[in-house]
Amino acid sequence: MPDSQPRQPDDHAADAASSPESSALTLCGARLTDGRIVDVRLGGVRIEAVGTAGSLVAPGARVDLRGHLLLPAPAEPHAHSDTALTADGAGPGAPGPASQRPEDIQRRATEAALLQLGHGATALRSHVRIGDVQGLTALEAVLQARRSLRGLADLTPVAVPRLLTGVAGADGLAMLRDAVKMGAGAVGGCPDLDPDPTGYAEAVLEIAAEHGCPVDLHTDSDDPARLARLAAMAGGLRQGVSLGPCAGLSRLSGEAAGRAADQLAAAGVTVICLPQGGCCGVERRGTAPVRLLRAAGVRVAAGSGALRDLANPVGRGDPLEAAFLLASQSGLRPEHAYEAVSAEARRAMGLPEVRVEAGFPAELLAVRGEQLAGVLSLAYSRIVVHRGRVVARTSAVREYCDSETGGGPGLPRQGRPDPGPGGGP
């Protein structure tokens, strides 16, 4: 992964970072979604000041953001670090299944997180399988990846056992408790795959209450009665419960889907939809009915799901693509679509709110463009800020060759080589 490997800071960089003056960063000439052109001064992990362009004169580094729209950074509420980037090992002519050695899982998890960081996600929640033959190996590898990413992005693993009920589920219960003690930030899993889905959900909620951690469950939500029981159980959990991708709600009748949405809203459950495709190969394709859910008062966040694994070999892990799909396919307004991958995603992950205002966390994304709709359409060049410093840049340059008529609309052009003697090349 030569293009994505994080570098360890040298001693001089560490010394500079410890200086308050050198840690200050000013973002100059950025456009906000309300149309204002501003300077934004960052101090440490927070925004110190926001003022009209040219008004903030302070020591420290400056980044020119003229021509960029400045946004709260998105977050990724539904990743799969342990299976990411494994699709190349399948299919005709492929070398075979991807290695499950801890060091290889850690490498892929790190590279996947860096890819998503480049898209703008400064915080990620990743579902990691535990149990079966691998035990806690994948979780250990993802926790190592989290440590290697410190200062670049925040990675939180969700422990996902396969079975939790009956004789076969006893080991899963013990392993889930061990996973939380190891450092899993949330508990989850897929009740639909357990012989007793209700018992599975009860077990997860009990362990979450026992350890004071949030719950994030996979479910297709195509069984209204089962979903009603789950919503009733989840309503009493203080730590917060998320369900996703809930694409099965779109296959219910309008009356049944509306009733389910009301139950989820009453229970305070967040739905995390996956506009870019499902994950784990469990769910049928489709997207949750986000407009119906929002109308009922359900908090809806959007994640990426599979990132180039067998469930979605072309998954990109791009939160702006998820927002684009919510706007273009699900009919959300651009600002509501972006909220699903930023404010609502952060809320589902238990992270503090971000606004481009003084006092808020310095978690920001600058995208070349002037308006949010245009940014969601053509989000090529991006600058990502995490904990008050630039951690990723992506630049795109588009050029056009000369037209045959010699005229043209004044578009940027590729340079042409100087002619040689006699006009030849």
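Residues numbered from 1 in each chain as written. Predicted model: local features only at pLDDT ≥ 70, side-chain atom pairs only at ≥ 80, totals over all residues. Heavy atoms only, no water.

### Considering the overall build of the chain
Inclusion rule: Secondary structure is summarised from DSSP: a helix means a run of H or I of at least four residues, a strand means a run of E of at least two, and numbering begins at the N terminus for each. For every residue, the accessible area (1.4 Å probe, protein chains only) is compared with the maximum for its type, and the residue is labelled buried under 20%, exposed over 50%, or partly exposed between those bounds. What makes two residues a contact is simply this: any of their non-hydrogen atoms within 4.5 Å. For the accessible areas, the method is Shrake-Rupley and the probe is 1.4 Å, while residue cover comes only from the protein chains on display.
Along the chain, the regular secondary structure elements total 13 helices and 16 strands. Counting every position in the chain, which comprises 425 residues, the buried fraction comes to 49%. A separation threshold of at least 6 residues defines the contact pool for the chain, and within that pool the share at least 24 residues apart is 72%. Carbon and sulfur atoms make up 50% of the accessible area of the chain, which totals about 19,800 Å².

### A few points about the packing of helix 10 (residues 319-328) against helix 11 (residues 334-341)
Stated precisely, the cut-off is as follows: Structural elements are reduced to axes, namely lines fitted to C-alpha atoms, with helices fitted over the stretch in contact, and the angle between N-to-C directions of any two is expressed from 0 to 180 degrees. Orientation labels follow simple angle bins: below 35 degrees gives roughly parallel, above 145 gives roughly antiparallel, 65 to 115 gives roughly perpendicular, and whatever is left gives oblique. Left-handed describes a crossing in which the near helix is turned anticlockwise from the far one by less than a right angle; the clockwise case is right-handed. Three classes are used: nonpolar for Ala, Val, Leu, Ile, Met, Phe, Trp, Tyr, Cys and Pro, charged for Asp, Glu, Lys and Arg, and polar for all others, with Gly counted as polar.
Axis separation between helix 10 and helix 11 bottoms out at 8 Å; the angle between their running directions is 140°. In terms of axis orientation, helix 10 runs oblique to helix 11. You can see that helix 10 and helix 11 cross each other, and the crossing is right-handed. For the pair formed by helix 10 and helix 11, the contact residues are Pro319, Leu320, Ala322, Ala323, Leu326 and Ala327 on the first element and Ala337, Tyr338, Ala340 and Val341 on the second. Across the contact of helix 10 with helix 11, the residue classes break down as 10 nonpolar, no polar and no charged.

### Focus on the nonpolar core
The condition is simple: Buried Ala, Val, Leu, Ile, Met, Phe, Trp, Tyr and Cys residues form a nonpolar core when they are joined through side-chain atoms within 4.5 Å.
Among the nonpolar cores identified, the biggest contains 81 residues, and Val187, Val215, Leu243, Leu264 and Leu293 are the most heavily contacted of them. Looking at this core, the element that brings in the most residues is helix 6 (residues 197-211), giving 7 residues. Core analysis: the next-biggest nonpolar cluster, separate from the first, contains 18 residues, Ala30, Leu32, Leu364 and Ala366 among them.

### Some words on the packing of helix 5 (residues 169-182) against helix 6
With their axes 11 Å apart at the nearest point, helix 5 and helix 6 run at an angle of 35° to one another. In the packing of helix 5 onto helix 6, the handedness of the crossing is right-handed. Here Leu173, Leu176, Arg177, Val180 and Lys181 of helix 5 come into contact with helix 6, specifically with Ala203, Glu206, Ile207, Glu210 and His211.

### Thoughts on the pattern of salt bridges
So the rule is basically this: When a carboxyl oxygen of Asp or Glu is within 4 Å of a side-chain nitrogen of Lys or Arg, the pair counts as a salt bridge.
For the structure on display, the rule yields 22 salt bridges. The salt bridge involving arginine 101 is made with aspartate 104; its shortest N-O contact spans 2.9 Å. Aspartate 104 sits in the buried class, given a relative accessible area of 11%. Between arginine 333 and glutamate 335 there is a salt bridge, with its nearest N and O atoms 2.6 Å apart. Residue classification places glutamate 335 among the partly exposed positions, given a relative accessible area of 32%. Taken together, the shared-partner salt bridges connect Arg101, Glu103, Asp104 and Arg107 into one network.

### Section: unusual backbone geometry
The omega torsion of the bond from glycine 244 to proline 245 falls at 0°, within 30 degrees of zero and hence cis. Relative to the elements of secondary structure, proline 245 occurs in strand 11 (residues 241-245). One non-glycine residue, aspartate 132, lies in the positive phi region at around 55°. Position of aspartate 132 among the secondary structure elements: in the loop between strand 7 (123-130) and helix 4 (137-148). Despite not being glycine, cysteine 246 has its phi angle at roughly 60°, a positive value.

### Things to note about the confidence of the model for the chain
The test is simple: What pLDDT reports is the predictor's confidence in each residue, on a scale of 0 through 100.
Scored by pLDDT, the chain has a mean of 89; 86% of the residues are at 70 or more. Contacts for the low-pLDDT stretch residues 1-22, under 50 throughout, to residues beyond four places or in other chains number 16 contacts. In the model, residues 415-425 has pLDDT below 50 throughout and makes 3 contacts with residues more than four positions away in sequence or in other chains.

### A closer look at the sheet that holds strand 10 (residues 215-219)
For clarity, the cut-off: Should DSSP find at least two bridges between two strands, the strands are taken to pair.
Overall, parallel pairing links the 8 strands, which are arranged 6-7-8-9-10-11-12-13 in an open sheet. Whereas interior strands pair on both sides, the edge strands pair on one side only; in this sheet they are strand 6 (76-79) and strand 13 (299-302). Sheet twist, expressed as the mean angle between neighbouring strand axes with direction ignored, is 25°. Sheet topology note: the strand 10/strand 11 ladder contains 5 bridges and is parallel. Among the inter-strand pairings, aspartate 216 is bridged to a residue of strand 11, identified as serine 242.

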